[in-house]
Amino acid sequence: MGHIGRLPELQTHCRRRMGVSRLAASRSNMLARGAAAVALLLAAATTDTGTPGWCTRLGDFVLPAQEAAGDILIGGLFPLHIVVSEPELPFTKRPRPGQCSGFDFRAFRWLQTMVFAIEEINRDPDLLPGIQLGYRILDSCDHVHTGLRGALSLVNGSSGWADADRPCLTGAPVPAIIGLASSSPTRAVAHTLGPFDIPLVSYFATCECLKDKRQFPSFLRTVPSDLFQVRGLVQLVAHFGWRWVGAIGTEDDYSRYGIQAFREQLAERGGCLAFYATLPKAENPERLAHVADALEASSARVILAFSTEGQLYGLLSEVARRNLTGRQWIASEAWVTASLLSGPQFRDTLAGTLGFAFRKASMPALGDFLLRVRPSPAPNSVFVNAFWEELFGCRLDFTGGADEAPGSNQPSCSGAEDVRGRNSVYSDVSQLRVSYNVYKAVYAIAHALHRLLCCDGPGDGAGSRSCGALLPLQPRQLLSYLKRVNFTTRFGEKVYFDSGGEPVPLYDIVNWQRDSRGIITFKTVGTFDASAPVGEQLRMDQSTIVWTGGETQVPISECSHSCPPGTRQASRPREPICCFDCLPCADGEVSNQTGSTECMKCPQYHWSDPDRVACLPMLEEFLSFQDILGVVLALLSVLGVTVTLVVTGIFYRFRDTPIVRANNSELSFLLLASLALCFLCAPLFIGRPSPWSCWARQATFGVAFVLCISCILAKTMVVLVAFWSTIPGSNAVRLFGPTQQRALIFSCTAVQVVLCVSWLTWDPPSPIKNTSYQAGRIILECQDGAILYLVLGYIGLLSCICFGLAFLGRKLPDTFNEAKLITFSMLIFFAVWISFIPAHLSSPGKYTVAVEIFAILASSFSLLLCIFLPKCFIILLKPEKNIKKGMVSK
């Protein structure tokens, strides 16, 4: 009961922190509860013999432990050995547990860090004053079965080293456990302790799966989850443009969940895994050779290894034997600062490695503490003794060689050897990262205990019933305070847990670089803070990075070279998305960035340049007076008008001659005027289309041609009427005299005028920009409505009637019979416009308008020349035939 006297010291400290007024009212009550609580703790340790404070062995559940007495014990589980033999299962008796081997100096340093932190707290007058912390630390052997056995031993209070000469408090149940290292054993232990609300604070288990509070309600950790590490690794890979990455993992939760998350997030950024190889749990040279073969055959030059150094050692030995260099290794936090892999045999292979590491701290006092460790024949020094014999390769005199293999010739040692003479991982305090996590875990539990015993929590008071229930100490009450812990370490780092029991996700980015002696050193080249805003989380000084092979240029790892601007990626069938071909962008599409997955369509009225990297305004195309073709057609139009005027002048000059009078001079002059209009409408099709020109060109063309055909139709009918009038008793001349001729022309033309007015009223043509004819060009044209086809159809109807009548009268006996000339001219007219249809449809761009102008000019010239040229020939060159007598046929 000697520890009861220490409680007033803690209460006095609490009173100073909480205020005298808060504690004075219940001082006596607090003292009474504290004394009763300690008495209950001691009473719980009394054996069946009734002797308080002494223990007897309860069974053969014997586990080696390093322990120290205290008022409150903290449990610890560390992987001091990394290999466990498979136990025999005879099924007839209790199986012997597997034997642990392969001593891990780094894990022993973690253990000593826990001891160091507890002793530092015990010396701190402000943290748990009057309360002595003790510890009980077991070896988890980095295995699920051994870890579970150790955890159950801690929470059940079964001390394998208890005897009648030692106080029983060292074997009492612990309210919290610090451990474990690997994720799979941690998951098993956290799942077991969760229903009992026994806090488990891990310093190295990073699996994202442990974040599920429904399965692991009492689990917390001072190491960030792999979720944040994977985010950082993906950002790192994306930062350097690595889209083709190989992955190597192990058969455990840490690697399985980590690489799965890495694969998913990498795919979101357009990357993919070149291969995924799994390392065997036990040593298997054949499987390691297969993994090395996959590594050697892959085109990936960036390799992510999500493993511990012990599991990775065998593969890297095979890789070094094959001299597989030139690959950029990306390390997870489990081995990024592993001295085991930075030895001379791996320097050529792993130099330039880049990876994420936990934040480190400089702890000089810990270095001195580690050097003061000495072996002892005491049972609680079993781990120190094993460390000593492994470090110096000797056998301690007082151990008796119990574990010495038969035939071994190990020298003996006294325990007075100097650790400073050994350059080991244990004494290297330059990379205190996991050790610092252990340190923070111990202090987190200490601060939670301090607040719990001070009743310094929300809703708690010195007289609070809930606070009074804290003594005797219950793990679930400690868990409640542990979740709300918030303090600053001696090194200035703020420590707290979020609602999921996760710490602040901070990482250092470490680069393996050779020093002047060729020895690999771990240099910090950047940081990753997952709590920072997106875009500011990853910070690196790229100029300080040394890549694999000593290169200063960023390595390239890709299945296919990035597509240059002007092309896009096209995935290959049945291959990852990172393997692709580069296809040129289609017309009208561009890509102005390297590695584009899609080409962008150019805006309206823009087109891609020849290199497909920029959109340029389309060239506008129309038949203009500056084009040679436009000039030629305009000259032909002028020529047609000129010839028409010349013919008109000739006919006017010789208007009294028989040949002019015989062909109805009034109709001839009206036909010549309409032909002049046909020639004049052609230039309206030349030039930039506008609303006015679109209206004028087709309307003028339709009316002029109908007027022209109407005149020809009237002349044809005049010829027929003239012949019928020679029949005795016929009055055809009176029925189709000049008045009727004018009426026919007017009525035929009026119909066309009505159609054109209707067209321009209800569906007027308008200028448009047509980009469908020719790539990269805008064809400026007029969009004609549907009524235009009625206009053209009407012209065709009149032409067919005219041709039919002329064809009937082509053999009438008359020297100046115009029916022959009209028939021939109409045949040419039909030939022109029938050939116009396919030519118009197949002509590109401005040539469509040129074909229409040519058809207008050709048909006009055919009518003009076929009808009037023979008459002009007779008038000018054969005047002897231009007499009344010549009108009678021979």
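Residues numbered from 1 in each chain as written. Predicted model: local features only at pLDDT ≥ 70, side-chain atom pairs only at ≥ 80, totals over all residues. Heavy atoms only, no water.

Let us now look at the overall build of the protein chain. What the protein chain contains, in helices and strands, is 25 helices and 29 strands. Here the protein chain holds 890 residues, and 51% of them are scored as buried. Counting contacts in the protein chain only where the partners sit at least 6 residues apart, residues at least 24 apart contribute 70% of the total. Approximately 40,800 Å² of the protein chain is accessible, and the part contributed by carbon and sulfur atoms is 58%. (Helix = DSSP H or I, 4+ residues; strand = E, 2+ residues; numbered from the N terminus. Buried < 20%, exposed > 50% of the residue type's maximum accessible area, 1.4 Å probe, protein only. Contact = heavy atoms within 4.5 Å. Areas by Shrake-Rupley, 256 points an atom, 1.4 Å probe, with all protein chains shown as cover.)

This part takes up empty space enclosed by the protein. Unfilled space is identified by rolling a water-sized probe across the atoms. Enumeration according to the criterion identifies nine cavities of 30 Å³ or more in this entry. Around the second largest cavity, the lining is made up of 14 residues, and of these Thr-222, Lys-440, Glu-493, Pro-503 and Val-504 lie nearest the centre. At the level of elements, helix H14 (434–453) and strand S17 (494–496) are the ones that each hand at least two residues to the lining of the second largest cavity. Here the lining of the second largest cavity takes three residues from S17, the largest share from any one element. Classifying every residue of the lining of the second largest cavity gives eight nonpolar, two polar and four charged. (1 Å grid on protein atoms, 1.4 Å probe; cavity = no way out; pocket = protein on both sides within 12 Å on 5 of 7 lines; lining within 4 Å. Points joined across faces, edges and corners; volume = space filled by probe spheres on them. Nonpolar A, V, L, I, M, F, W, Y, C, P; charged D, E, K, R; others polar.)

Note on sheets: strands pair through backbone hydrogen bonds, and any given pair is parallel or antiparallel. Taken in spatial order, the eight strands make up an open sheet running S10-S9-S11-S12-S13-S18-S19-S20, and their pairing is mixed. In this open sheet, the two strands that pair with only one neighbour each are strand S10 (272–279) and strand S20 (538–540). Across the sheet, the axes of successive neighbouring strands diverge by a mean angle of 30°, strand direction being ignored. The pairing of strand S11 (residues 302–305) with strand S12 (residues 328–331) spans four bridges and is classified as parallel. Of the residues in S12, the one forming a bridge with Val-302 is Gln-328. Set on the sheet, helix H9 (residues 285–297) makes contact with strand S9 (244–250), S10, S11 and S12; between it and S10 the angle comes to about 165°. (Pairing = 2+ DSSP bridges. Axes fitted to C-alpha atoms, helices over the stretch in contact; angles between N-to-C directions.)

This next bit is on the state of the cysteines. Applying the stated criterion to the full structure yields nine disulfides. With a sulfur-sulfur separation of 2.1 Å, Cys-563 is cross-linked through a disulfide to Cys-582. Here the disulfide of Cys-563 and Cys-582 is left-handed, its torsion about the S-S bond being about -95°. Here the residue Cys-563 occupies a position in the loop between S20 and strand S21 (567–571), and Cys-582 occupies one in strand S22 (residues 580–584), the gap between them amounting to 19 residues. Judged by its relative accessible area of 0%, Cys-563 falls in the buried class. Overall, the relative accessible area of 34% leaves Cys-582 in the partly exposed class. We note that Cys-681 lacks a disulfide partner, and the nearest cysteine sulfur, in Cys-678, lies 5.7 Å from it. Classification of Cys-681 as buried rests on a relative accessible area of 1%. (Disulfide = S-S within 2.5 Å.)

Before going further, it helps to examine helix H5 (residues 144–156). With 13 residues, H5 should cover 18 Å at 1.5 Å per step; its first-to-last C-alpha distance of 18 Å lies within 8% of that length. Listed in full, the buried residues belonging to H5 are Thr-146, Gly-147, Gly-150, Ala-151, Ser-153, Leu-154 and Val-155. (Expected span 1.5 Å × (residues − 1).)

Next up on the list: the side chain of Asn-770. In this structure, Asn-770 sits in strand S28 (residues 766–770). The exposure class of Asn-770 is buried, given its relative accessible area of 12%. A polar contact is formed between the side chain of Asn-770 and the side chain of Glu-781, at a distance of 2.7 Å. Residues in contact with Asn-770, not counting those within four places in the same chain, are Arg-777, Ile-778, Ile-779 and Glu-781. (Polar contact = N/O pair within 3.5 Å; in protein donor to acceptor, adjacent residues only side chain to side chain.)

Before going further, it helps to examine the packing of aromatic side chains. How two aromatic rings sit relative to each other is set out by the distance from centre to centre and by the angle between their planes. Applying the stated criterion across every chain yields a total of 40 aromatic pairs. Among the aromatic residues, those joined into a cluster by ring pairs are Phe-78, Trp-110, Tyr-203, Phe-204, Phe-356, Phe-358, Tyr-507 and Phe-528. Over the ring of Phe-654 we find Arg-653; its NZ or CZ atom is 5.1 Å from the centre of that ring. Over the face of the ring belonging to Phe-868 we find Lys-871, whose NZ or CZ atom lies 5.7 Å from the ring centre. (Phe/Tyr/Trp six-rings, centres within 6.5 Å; stacked < 30°, edge-to-face > 60°. Lys NZ or Arg CZ within 6 Å of the ring centre and 35° of its normal.)

Looking now at the nonpolar core. Ranked by size, the top nonpolar core spans 104 residues in total, and within it Met-114 and Phe-262 carry the most contacts. With 14 residues, H14 is the largest single contributor of residues to this core. Those residues in contact with Met-114 that lie beyond four places of it in its chain are Ile-74, Gly-75, Gly-76, Phe-78, Tyr-135, Ile-137, Ile-178, Val-438 and Val-442. Leu-675, Phe-705, Val-851 and Phe-868 belong to the second-largest nonpolar core, a separate cluster that totals 61 residues. (Core = buried A, V, L, I, M, F, W, Y, C linked by side-chain atoms within 4.5 Å.)

Quick look at unusual backbone geometry now. Apart from glycine, the bulk of residues carry a negative phi angle, and the bulk of peptide bonds sit in the trans form. Cis geometry is adopted by the peptide bond preceding Leu-180, which originates at Gly-179 and carries an omega value of -5°. In this structure, Leu-180 sits in the loop between strand S6 (177–178) and helix H6 (183–193). Positive phi is not limited to glycine here, since Leu-128 has a value of about 55°. Tracing the chain through its elements places Leu-128 in the loop between helix H4 (105–123) and strand S5 (133–139).

A separate point is the environment of Gln-542. Within the secondary structure layout, Gln-542 lies in the loop between S20 and S21. Under the relative-accessibility criterion, Gln-542 is labelled partly exposed at 36%. Sequence separation between Gln-542 and Gln-553 is 11 residues, and the spatial gap between their C-alpha atoms is 9.9 Å. The contact partners of Gln-542, leaving out residues within four places of it in the chain, are His-239, Phe-240 and Val-554.

This model, assessed by the stated rule, comprises 28 salt bridges. The salt bridge partner of Arg-476 is Asp-197, with a shortest N-O separation of 3.5 Å. Separated by 279 residues along the polypeptide, Arg-476 in helix H16 (residues 475–483) and Asp-197 in the loop between H6 and strand S7 (200–202) bring together distant segments of the chain. For Asp-197, a relative accessible area of 23% corresponds to the partly exposed category. Residues Glu-666 and Arg-742 are paired through a salt bridge, measuring 2.7 Å at the closest nitrogen-oxygen approach. Pair noted here: Glu-666 is in helix H19 (residues 665–681) and Arg-742 is in helix H22 (residues 738–762), with a separation of 76 residues, a long-range link. Since its relative accessible area comes to 43%, Arg-742 is described here as partly exposed. Salt bridges sharing partners connect three or more residues here, namely Asp-293, Glu-296, Glu-318, Arg-321 and Arg-322. (Salt bridge = Lys/Arg side-chain N within 4 Å of Asp/Glu carboxyl O.)

What follows concerns the confidence of the model for the protein chain. Mean pLDDT over the protein chain works out to 82, with 84% of the residues at or above the 70 mark. Within the model, the stretch residues 159–172 combines pLDDT values under 50 with 41 contacts to residues more than four positions away or in other chains. Counting contacts from residues 462–466, a segment whose pLDDT is below 50, to residues more than four positions away or on other chains yields seven contacts. (pLDDT = per-residue confidence, 0-100.)

One number sums up the size of the second largest pocket: a volume of about 1,100 Å³. Lining the second largest pocket are 39 residues, with Ile-82, Asp-142, Lys-281, Ala-282 and Gln-311 sitting closest to its centre. Of the residues forming the lining of the second largest pocket, the biggest block, five residues, is contributed by helix H10 (residues 309–322). Along the lines of polarity and charge, the residues of the lining of the second largest pocket split into 18 nonpolar, 11 polar and 10 charged.

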